[in-house]
Structures are given as structure tokens and as C-alpha cells.
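Breakdown of the fold
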Amino acid sequence: MGKATAVANPNIAFVKYWGKADEALNLPANPSLSMNLAALTTVTTVEFRSGQACDVVTIDGHPATGQALHRVVAHLDRVRALAGSNEQAWVASRNDFPAATGLASSSSAFAALTLAATQAAGLSLDEVRLSRLARLGSGSACRSVPAGFALWEMEEAHQVAPPEHWDLRDLVAIVTGQAKAVSSHDGHALAPTSPLYAARLAAVVGWLAAVEDGLARRDLAAMGPAVEADALAMHAVMMTSHPSLLYWLPATVAVLQAVRAWRDGGLEAYFPVDAGPNVHCLCRAAAAGEVENRLKAIPGVQQVVASGPGNGVRPVNWHLF
Ligand code: PMV
């Protein structure tokens, strides 16, 4: 078998996936809709080598251990099973943004790993099969496979609009670069312990319809309130699960308050927040400079990462090693 490299963008969900309908198959309890983030990338090289005793994985230059290594090896096992091979792999992966802080690094990580590993194994999977396989590594990864805006309903994600459809901007206010204590991978299992879980799932149907409609018509005001409501509902489920997950920091709340105040003042911006303390701000391209400047002025905001809609997972013809 050979060697291949792929690049993927993480995605930000406008309607979130939180909780599973099927743990073993990694099927979501509710549909989710997201945008790939062009400015953030994960690059992954995979090489299968005969005679190697075990998989060797480095992430951002450090050897992967524990759960991170286990998840990559489990994913390589899926690819080996498809290819009918038992060769072990050498894997290197690099993020150009801090991992595990609510920037959805697992989405780009498993999308890039899926394409690089299947190509290195000599497999050629279409987008649907790549998305299904990526989902087994990390649910949100299935949405980083198609380009632009993607809807994940059951087994795989499909594009609902290409990146060119709408130059929507996502400005991520980074309030900490530290990894979170509980990964979203582990957090899903806690969701059903919240008394608010069923209520959120019931409400998601309406929020998804509003987001689909706003996206189709490029109408931020039509979808923004649903994006915020769903992000807050997801965090309410997290906070009230057992044990409770409280990802927010004081600066997280400061940004949420600020975004609402700006809106009252006529600056159109809405906040999705992923499983972490950093806050995403959605706005139109014309407002992006102003939103970025204002975010940077909030005490506790260390950095702002600005992104437009990104491509799907894709191969590149150079390698990390
Ligand atoms: O793909 P996972 O298992 O890391 O779950 C991601 C969950 C959220 O990022 C919090 C929401 C989402 O839909 O991306």
C-alpha cells in the first residue's frame, strides 16, 4: 500500500449535533447543518508500511497517546478492513489552529484522515462513502467532507450550498488556547442525562427549518436567532447533564453579551458556540472588519480568526514526511 496526504477544513454547526441515536454506528439524535471554515486547516499524511509493528501517529509534532491514538488506530482499522490489509501506518497530522478548544478540530482531523488513509490504501471512495466513513471517526467530520454548507441527517452529510453561494463570515473569538477537559466525543453520552435534552431535540426541527430558509435566501436575520437559540440550548443541555459540563469562561459570556448589544446598535452578528469556551460570530462580509475590531477590543479575547466558507476534503500532492 502507499502514501497519501489530504487537507480538510473544520466546520461550524449552525444547528448542532449533540447526542446520539446509535452509539455504535455514530448516528445523530438530530440533523445538523454547518459551514466549512476556509481559514482553518488540518493536513494529514498516511503511509502504510509493510513490516511495521504498530501504527505510529503524531499530531502537531507530538506522538499521539491515550484516547487520541486509540481513535486514530480504530479509524485505520476500518480502512484496513475495507482494503483487506493488515499493514500498519505512519500518520502525521498538523492543525494550523489550537486543537480541542471548540474549533471543531475533530471534524477536520477525521475528514482528512479518512481521505488520506483510504487513498494510501488504494481505495477510491465517492463523497457519500467518504462522509459515512468519516462519521465513524467523529460525527461532525462527515460534514467536512462536502464543500461549503452541509446537512447531516442520518448516515452521511450532503452539500446544501457550495462555498460560492454566500460569502458569510465566521469570526472566532479565541478566549483560551487550552484543551477542554471533556471532549465532545465523551460529552455526547451525557446529553440524555439532562432534563432539557428532549426539549432541545423537539425544538431543533423548527430551528433547522429557519436556518435552511435563511441560508437559501442569504438572509442572516432569518437564520441568526435560530443559530443562537440552538447553541444556547446545546449548552443548557451540557450544563444540566450529569455530570455537568460548563465550557464557558467569563470572556465567553462577555462576547455573547457584546454581540447582542452590537445587534441592538444595528451591527448584524450572531453567535454559534461549539463545545468549548471560544465564541464564533457570524456576519456578512461587509461587516467582518468592524466585528473583528470590536471582538479584539473585548478583554479576554486573545485572538480573532476570520473565515469564509471552505472547500470539502481534498487530496494534495505533497506530504508532511
Ligand atoms: O464530532 P464530535 O463527536 O466531536 O461532536 C461535535 C459536537 C459539536 O461540535 C459540539 C456540535 C457540532 O454539531 O459540531
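Placed above this text is the structure.
Remember, it's a predicted structure, so these values are computed and weren't measured experimentally.

Now for the site of the ligand. Inspection of the region around the ligand gives 14 residues, with Tyr17, Ser138, Ser140, Arg143 and Ser184 positioned closest. Here an oxygen atom of the ligand sits 3.0 Å away from a polar atom, N or O, in the side chain of aspartate 274. Burial of the ligand by the surrounding chains reaches 98%, relative to a free accessible area of 380 Å². Residues that form the shell around the ligand fall into these classes: five nonpolar, six polar and three charged.

What follows deals with the packing of aromatic side chains. Scanning all chains against the criterion turns up three aromatic pairs. Plain terms: the ring middles of phenylalanine 14 and phenylalanine 149 are 6.5 Å apart, the flat faces sit at 55° to each other, and that makes the pair tilted. Of this pair, phenylalanine 14 sits in strand β2 (residues 11-15) while phenylalanine 149 is found in strand β10 (residues 149-152), placing the two residues 135 residues apart along the sequence. Assessed through its relative accessible area of 0%, phenylalanine 14 is described here as buried.

With antiparallel pairing, the four strands of this open sheet are ordered in space as β2-β5-β10-β11. Strands at the two margins of the open sheet, each flanked by one partner only, are β2 and β11 (157-161). On average, adjacent strands in this sheet sit at an angle of 35° to one another, irrespective of strand direction. Note: strand β5 (residues 32-36) against β10, four bridges, orientation antiparallel. Among the inter-strand pairings, serine 34 is bridged to a residue of β10, identified as alanine 150.

Below, the discussion takes up the side chain of glutamine 52. Within the secondary structure, glutamine 52 is located in the loop between β6 (42-49) and β7 (56-59). Among the polar contacts made by the side chain of glutamine 52, one reaches the main-chain carbonyl oxygen of alanine 89 at a distance of 3.0 Å. For glutamine 52, the contacting residues outside a window of four places in its chain are Gln88, Ala89 and Trp90.

Let us now look at the sheet that holds strand β13 (residues 279-283). Strand order in this open sheet of three strands is β13-β12-β14, and the pairing throughout is antiparallel. Bordering the open sheet on either side are β13 and β14 (303-307), each of which pairs with just one other strand. Neighbour-to-neighbour, the strand axes of the sheet open up by a mean angle of 20°, direction not taken into account. Where strand β12 (residues 169-174) meets β13, five bridges bridge the pair, whose relative direction is antiparallel. Paired with leucine 171 across the two strands is cysteine 281, which belongs to β13.

Moving on, we get to the pairing of β7. Where a strand is regular, its side chains alternate between the two sheet faces. With four bridges connecting them, β7 and strand β9 (residues 88-95) associate as parallel partners. Counted as the bridge partner of threonine 58 is alanine 92 from β9. When β7 meets strand β8 (residues 62-63), the two strands line up antiparallel, connected through two bridges. Looking at the pairing, threonine 58 lines up with proline 63 of β8.

With respect to the element layout, leucine 113 can be found in helix α2 (residues 105-120). With a relative accessible area of 4%, leucine 113 lands in the buried category. Between the C-alpha atom of leucine 113 and that of alanine 13, which follows or precedes it by 100 residues, the distance is 20 Å. If we skip the residues at most four places from it in the chain, leucine 113 touches Thr44, Val46, Val72, His75, Leu76, Val91 and Thr118.

We now examine the pattern of salt bridges. Tallied over the full model, the rule gives 15 salt bridges. Among the salt bridges present, the one from glutamate 228 reaches arginine 260, with a minimum N-O distance of 3.1 Å. With glutamate 228 in helix α6 (residues 220-239) and arginine 260 in helix α7 (residues 250-264), this residue pair connects regions lying 32 residues apart in the sequence. Between glutamate 268 and arginine 284 there is a salt bridge, with its nearest N and O atoms 3.0 Å apart. Within this pair, whereas glutamate 268 is found in the loop between α7 and β13, its partner arginine 284 is found in the loop between β13 and α8 (288-296), the two being separated by 16 residues in sequence. Take glutamate 268: its relative accessible area is 22%, and that puts it in the partly exposed class. Three or more residues joined by partner-sharing salt bridges are found here, namely Asp55, Asp77 and Arg80.

Reading the values: rules and limits
Within each chain, residue numbers correspond to sequence positions counted from 1 in written order. Whole-chain, interface and lining totals are the exception, using all residues; otherwise, since this is a predicted model, local features are given only for residues with pLDDT of at least 70 and side-chain atom pairs are given and counted only at 80 or more. Processing note: side-chain calculations cover all non-hydrogen atoms of the structure and skip hydrogens and water entirely. To be near a molecule or strand, a residue needs just one of its heavy atoms within 4 Å of it. Any N or O atom pair separated by 3.5 Å or less is treated as a polar contact, with the protein-specific requirement of one donor-capable and one acceptor-capable atom, and with residues adjacent in sequence counted only for side-chain atom pairs. A 1.4 Å probe and the Shrake-Rupley method give the accessible areas. Residues count as covered only by the protein chains that appear here. Residues are sorted three ways: Asp, Glu, Lys and Arg are charged, Ala, Val, Leu, Ile, Met, Phe, Trp, Tyr, Cys and Pro are nonpolar, and all the rest, Gly among them, are polar. Note on aromatic contacts: the rings of Phe and Tyr and the six-membered ring of Trp form a pair at centre separations within 6.5 Å, being stacked when their planes are under 30 degrees apart, edge-to-face when over 60 apart, and tilted otherwise. Where helices and strands are cited, they refer to DSSP runs of H or I of at least four residues and of E of at least two residues respectively, numbered from the N terminus. Burial here depends on accessible area, computed with a 1.4 Å probe over protein chains only, as a share of the maximum for the residue type. Under 20% is buried, over 50% is exposed, and the range in between is partly exposed. When DSSP finds two or more bridges between two strands, those strands count as paired. A fitted line through C-alpha atoms serves as each axis, taken over the contacting stretch for helices, and the angle formed by two N-to-C directions is quoted from 0 to 180°. In this analysis, two residues are considered to be in contact whenever any of their non-hydrogen atoms come within 4.5 Å of each other. Salt bridges are identified by distance alone: a Lys or Arg side-chain nitrogen within 4 Å of an Asp or Glu carboxyl oxygen.

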